[in-house]
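Chain residues, written in single-letter form:
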Amino acid sequence: MTNARFQNEWLSLAGEFYRVAFYIIEDEAEAEDAVQELFLKLWSGRDALDGIRNPKGYGIRVLRNLCLDRIRRSRKMETPAVLPEPEWPGRQDEAVDEKERLAKVLDAIKSLPDRQREVLTLRTLDGLSYEEIAERTGMNQLTLRVLLSQARRKLRNVI
Amino acid sequence: MKTLEEIENLSLEELEQKAAETAAPVPDGLERRLREALAARELAEAARPRPARWIPYASLAVAAAAAALVALPQRGPKDTFDDPLLAYAEVEKAFQTISDKMSVGMDIVREAEQTADMPYNTLNKIQK
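These figures come from a predicted structure and were not determined experimentally.

Caption draft 1: Seen up close, the overall build of chain B. Along the backbone of chain B there are five helices and zero strands. Among the 128 residues that make up chain B, the fraction classed as buried is 10%.

Caption draft 2: Structural context of the interface of chain B and chain A. At the junction of the two partners, chain B supplies 28 residues and chain A supplies 35 residues. For the side of chain B that touches chain A, the secondary structure elements donating two or more residues are helix H1 (4-9), helix H2 (12-22) and helix H3 (30-47) of chain B. Residue contributions to the side of chain B that touches chain A peak at 14 residues, all from H3 of chain B. Tallied by class, residues from the side of chain B that touches chain A come to 19 nonpolar, one polar and eight charged.

Caption draft 3: Local environment of the packing of helix H2 (residues 14-25) of chain A against helix H3 (residues 28-44) of chain A. All names here are of chain A. The contact between H2 and H3 brings their axes to 8 Å, and the two run at 130 degrees. In this view, H2 runs oblique relative to H3, as classed from their interaxial angle. Between H2 and H3 the crossing geometry is right-handed. Counted together, Ala14, Phe17, Tyr18, Ala21, Phe22 and Ile25 of H2 and Glu28, Glu30, Ala31, Glu32, Ala34, Val35 and Leu38 of H3 form the full contact between these two elements.

Caption draft 4: Seen up close, helix H6 (residues 114-124) of chain A. The element H6 of chain A is extensively covered by neighbouring structure, given that nine of its eleven residues are classed as buried. Where H6 of chain A is concerned, the buried positions are Gln116, Arg117, Glu118, Val119, Leu120, Thr121, Leu122, Arg123 and Thr124 of chain A.

Caption draft 5: Fine view of the nonpolar core. Residues Val20, Ala21 and Val35 of chain A are the most contacted members of the largest nonpolar core, which totals 41 residues. Residue assignment for this core shows that the elements contributing at least two residues are H2, H3, helix H4 (55-78), helix H5 (89-111), H6 and helix H8 (141-158) of chain A together with H2 and H3 of chain B. Looking at which element gives the most residues to this core, the answer is H2 of chain A, with nine residues. Contacts of Val20 of chain A, omitting those with residues within four sequence positions, involve Ile60 and Leu63 of chain A together with Leu15, Glu16 and Ala19 of chain B.

Caption draft 6: View of unusual backbone geometry. The backbone of Glu26 of chain A sits at a positive phi, close to 60 degrees, despite the residue not being glycine. Tracing the backbone shows Glu26 of chain A in the loop between H2 and H3. For Ala23 of chain B, which is not glycine, the phi torsion reads 50 degrees and is therefore positive. Within the element layout of this structure, Ala23 of chain B appears in the loop between H2 and H3.

Calculation notes
- Residues numbered from 1 in each chain as written.
- Chains lettered and ligands numbered in written order.
- Predicted model: local features only at pLDDT ≥ 70, side-chain atom pairs only at ≥ 80, totals over all residues.
- Helix = DSSP H or I, 4+ residues; strand = E, 2+ residues; numbered from the N terminus.
- Buried ≥ 20, exposed ≤ 12 C-beta atoms within 10 Å, placed from the backbone.
- Contact = placed C-beta atoms within 7 Å.
- Nonpolar A, V, L, I, M, F, W, Y, C, P; charged D, E, K, R; others polar.
- Axes fitted to C-alpha atoms, helices over the stretch in contact; angles between N-to-C directions.
- Parallel < 35°, antiparallel > 145°, perpendicular 65-115°, else oblique.
- Left-handed = near helix turned anticlockwise from the far one by under 90°.
- Core = buried A, V, L, I, M, F, W, Y, C linked by C-beta atoms within 7 Å.

Structure follows, in structure tokens:
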């Protein structure tokens, strides 16, 4: 599935997904986190999304499970018990590393100035060419290249 | 607060309908933040350390070299033979080689003898 199609068919459902998450979790921040988790999951497996005829139904089903998992986890946290030994410590470490790396990059993107962030997202996520970004943002290509270079330099330090 | 069972018992259509009825306001910039999260995932994925790509190829090359060393026939003379005829032929060849070398050596010895005899013969001719 192309990035453009993913955004047209799936990202446009973000508001509806959020309402479902909020209905289940009843917390704004948690609901938004759950929706973000849903989209990261969908994005990772976007090649398999081509065959899904009802994106909204599929998304709600996955989201409901994610929300229920969150509720279960939070209930376990409320009643702390002895933590079991992880079965696959290596894989869990990798998963934690992945999450930490993602959180760092996301924080770094959020800390970028608006124009740098916009250009970086259009280039990285949408895969647009400099011409297309220039057309969409109204900036000239030299400015775009400078902004992108600055954004990348900042992110490189974080990554 | 809703119970887990309450949510689990709802069909997807009912869940969607109830969620829509609440008309909870969607936070400003939700879609933008999601786009940024996806971009971050792409960048984090690109920055993830990967094992060097040459390692599998190098392993294959080493394995192929080892297999070739084992499988290819050894160069140089063999010292044992399964076939007696081949062994006989090899021995004959070895003797022939020794004989050839010895013949050359004998020719040199004969030549040297003739050279050594020359003064003696010359003296004999003078005395005669």
